[in-house]
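# Reading the structure
The lines below spell out each chain.
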Amino acid sequence: MTAATSAPAVSRDHGLELLRQMTRIRRFEEKCAELYGQGKIRGFLHLYIGEEAVAVGALQALGPEDAIVATYREHGHALVRGISARAVMAEMYGKATGCSRGRGGSMHLFDAATRFYGGNAIVGGGLPLAVGLALADRLRSERRVTACFFGDGAVAEGEFHESLNLASLWRLPVLFLCENNLYAMGTALERHQAQLDLTLKARGYAVAAESVDGMDVLAVEAAARRATEAVRSGAGPFLLEARTYRFRAHSAYDPELYRQKEEVERWKERDPIPGLEKKLRESGLLAAEDLERIEGEVKAEVDDAVAFAEASPWEPVEDLLKDVCAEPPSAKGARP
Amino acid sequence: MKTTYREAVRAALREALQRDPRVFLMGEDVGRYGGTYAVSRGLLEEFGPERIRDAPLSESTFVGAGIGAAMAGMRPIVEVMTVNFSLLCLDQIVNNAATLRHMSGGQVAVPLVIRMATGAGRQVAAQHSHSLEGWYAHVPGVKVLVPATLEDARGMLWTALQDPDPVLIFEHATLYGVEGDLADDAGAVEIGHAAVRRPGRDVTLVASGGTLAKSLRAAEALAQEGIEAEVIDLRVLRPLDDATILGSVRRTRRAVVVDEGWRTGSLSAEVVARIMESAFYDLDAPVARVCTAEVPIPYPRHLEEAALPQPETIAEAARGVVRHG
């Protein structure tokens, strides 16, 4: 595992940006939990609280030309990628102004403009899509990277093994990003994996792999930049495992019978947001008014997103069947 | 020209690869082996390994990769060796290919073609004899084609590739060796309609894929007895062409629906229900069905034949509805 950085090699501006992005996700998710309690958001809601350093750190390594495939715990990734908080929040509400027109909800955020391909809610199901996106780049000789996020639970799925093998066999530019939060829903890693070192599985498919402290945004960013560079250079896929932890329940329905409160509290001591604050402060890169300013900006953005979602229209029922298929083209000429 | 169903599919693949640089073929043994049913023989040599891609036995991932490549603007043709193995990639087809356009609010298109062999009749026993195209026809978001003729084997692929949505093409495994005449300039055909393959006035036989030839043979036998059967080839299982089915049934006032799938929850049940919903008062007899017996397809020839729709059982069902009333 990559050693934690002691003194961050980071500029003040970049350090504050990382802090702002993580804070955005944290406050956005807290607001989602509140809105869920009020019945404004329905269905399944999977919060990213505790794991913010992974999406924020990893996505620094990508350019606008690259593609992202994410899981159903993807609000943070969407926000960092540049989908507006308004469009994400409206999607949570199921409103027509949502980034998927409200059809997908919390688990299915899509945005073609930023090449954000979901929001995939079948565990492991996104990995083959990422392989295909990368295959298209390869066939067109594009030097683009597809970043594919998935959890430790997906490692038990056949598609993880098939996808690593195929991406490696065809040397496709996929950055496989395992967000190992130690639980496949409620089943602890040691209860679902015989081999706990997930990087060893990658080596079985001749895929380069590395683990990183997923609670340290600077470490994640550094590792993701190295990995992305390798992938972009044509070296084939890379598996980056970020060891992280979710502070909240799996979803709003989860009574959390499978883990001890003490364990959660221990991980909270490694909260990535205060962790970065401390580092920046110790390096003289953070002033008290910075935090106030960030919190103020983030609160305004989240409040604005909620107001936007509240005021937004529902998709008319007449549009129910719209976009199941495109309007059919008819073949020129021949009839059977 | 004289050709076979296999050669017609190969000609369609070659045309697609020549005409559109976004097209590539991916699947198990499509390259060096030449295709399990020898459909793609020679294509690797002609188009190279980048466009004729031998995939590992990872159905879920190479079908999913086809979906991903299609999302990115390519036009993949994914060959799943047979419908039996497509159960290993059902998740990708049903949960991804079929949902992405609607679930993304219209942003993500999946212009993908998946071809697979289907059907029984070759004594390959229960795990290699499924006819599950009716299952796929259940799912909104995909189109389901069943080319039963040389013209459709030659012409459906190109039109399917122009479709902005996923299209599944089911090729009945007993058809690959079928020989016949095909026009030298045969090319793309439309994929929106059923076709009347034999006109008749007394009873409508609704068939598709591997049951078309059997139904036509049944019609010939019936003609000897003075019963003129009209034979419809569905061609497209989703979306179903109600107009052609209902138009025929309204003329003949009688129908037999033939389906190589099992009767329970089958596509034939759907066709019968649509006839009942829209043409009930035009019928002179209850609609009959000839389906596969509800049993895993057995290996010995006599049992397999007994399990499947046959010209004799189709003709007998037709006699029954014609005698009725």
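Residues numbered from 1 in each chain as written. Chains lettered and ligands numbered in written order. Predicted model: local features only at pLDDT ≥ 70, side-chain atom pairs only at ≥ 80, totals over all residues.

### A word on the overall build of chain B
Across its full length, chain B carries 12 helices and 14 strands. Over its C-alpha trace chain B gives a radius of gyration of 20 Å, about what one expects of a compact globule, namely 20 Å for 325 residues. Taken along its principal axes, the extent of the C-alpha atoms in chain B is 60 × 45 × 40 Å. Expressed as a percentage of its 325 residues, the buried residues of chain B come to 59%. Counted over contacts in chain B with a minimum sequence separation of 6, partners at least 24 positions apart contribute 79%. (Helix = DSSP H or I, 4+ residues; strand = E, 2+ residues; numbered from the N terminus. Rg over C-alpha atoms; globule rule 2.2 N^0.38 Å. Buried ≥ 20, exposed ≤ 12 C-beta atoms within 10 Å, placed from the backbone. Contact = placed C-beta atoms within 7 Å.)

### A look at the sheet that holds strand β13 (residues 255–262) of chain B
Residue and element names in this part refer to chain B. Here we have 5 strands laid out as an open sheet, ordered β9-β11-β10-β13-β14, and mixed in their pairing. Pairing within the sheet leaves two strands with one partner each, and these edge strands are β9 (195–198) and β14 (288–292). Between one strand axis and the next, the sheet turns by 25° as a mean value, whatever way the strands run. On top of the sheet, helix α10 (residues 267–279) reaches β10 (203–207), β13 and β14; it is set at about 155° to β13, its chief contact. (Pairing = 2+ DSSP bridges. Axes fitted to C-alpha atoms, helices over the stretch in contact; angles between N-to-C directions.)

### Quick notes on the packing of helix α1 (residues 5–19) of chain B against helix α7 (residues 150–162) of chain B
Residues and elements named next belong to chain B. Two numbers describe how α1 lies on α7: the axes approach to 7 Å, and their chain directions differ by 25°. Taken together, the axes of α1 and α7 are roughly parallel relative to one another. In this structure, the crossing between α1 and α7 has a hand that is right-handed. Between α1, through Tyr5, Ala8, Val9, Ala11, Ala12, Leu13, Glu15 and Ala16, and α7, the contact on the second element is made entirely by Leu150, Ala153, Arg154, Leu157, Trp158 and Leu161. A per-class count over the contact of α1 with α7 returns 12 nonpolar, no polar and 2 charged. (Parallel < 35°, antiparallel > 145°, perpendicular 65-115°, else oblique. Left-handed = near helix turned anticlockwise from the far one by under 90°. Nonpolar A, V, L, I, M, F, W, Y, C, P; charged D, E, K, R; others polar.)

### A word on the interface of chain B and chain A
Contacts between chain B and chain A engage 49 residues on the former and 37 residues on the latter. Sorting the residues of the side of chain B that touches chain A by element identifies α3 (59–71), α4 (90–97), α5 (100–103) and α7 of chain B as the ones contributing at least two each. Top contributing element to the side of chain B that touches chain A by residue count: α3(B), with 10 residues. Each residue belonging to the side of chain B that touches chain A can be placed in one class, and the counts come to 18 nonpolar, 22 polar and 9 charged.

### Digging into α1(B)
When the terminal C-alpha atoms of α1(B) are compared, their 21 Å separation across 15 residues agrees well with the 21 Å that a helix rising 1.5 Å per residue should span. Turning to α1(B), its buried residues are B:Tyr5, B:Arg6, B:Glu7, B:Ala8, B:Val9, B:Arg10, B:Ala12, B:Leu13 and B:Ala16. (Expected span 1.5 Å × (residues − 1).)

### Overview of the nonpolar core
Ranked by size, the top nonpolar core spans 203 residues in total, and within it A:Cys148, A:Leu175, B:Leu205, B:Val256 and B:Ala318 carry the most contacts. Ranked by the residues each element gives to this core, the list is headed by helix α9 (residues 217–235) of chain A, at 9 residues. What B:Leu205 contacts, discounting residues up to four positions off in sequence, is B:Ser215, B:Ala218, B:Ala219, B:Ala229, B:Glu230, B:Val231, B:Ile232, B:Val256, B:Val258, B:Ile314 and B:Ala318. (Core = buried A, V, L, I, M, F, W, Y, C linked by C-beta atoms within 7 Å.)

### Quick word on the domain arrangement of chain B
All names here are of chain B. Annotation of chain B at the domain level lists domain 1 (2–181) and domain 2 (195–323). Computed from C-alpha coordinates alone, the two centres of domain 1 and domain 2 are separated by 26 Å. Those elements that place two or more of their residues in the side of domain 1 that touches domain 2 are α6 (133–136), β6 (143–145) and β7 (167–172). Here the side of domain 1 that touches domain 2 is built from residues that sort into 11 nonpolar, 9 polar and 3 charged. (Domains from an automatic or database assignment.)

### A short note on the sheet that holds strand β2 (residues 110–111) of chain A
All names here are of chain A. Spatial ordering of the open sheet is given by β2-β3-β1-β4-β5-β9-β8, a layout of 7 strands whose pairing is mixed. Here the strands that pair on one side only, and so sit at the sheet edges, are β2 and β8 (208–213). The pairing of β2 with strand β3 (residues 116–119) spans 2 bridges and is antiparallel. Counterpart to Phe110 in the pairing with β3 is Tyr117. Lying on the sheet, helix α5 (residues 126–139) is in contact with β1 (67–70), β3, β4 (146–151) and β5 (174–180); it crosses β4 at an angle near 170°.

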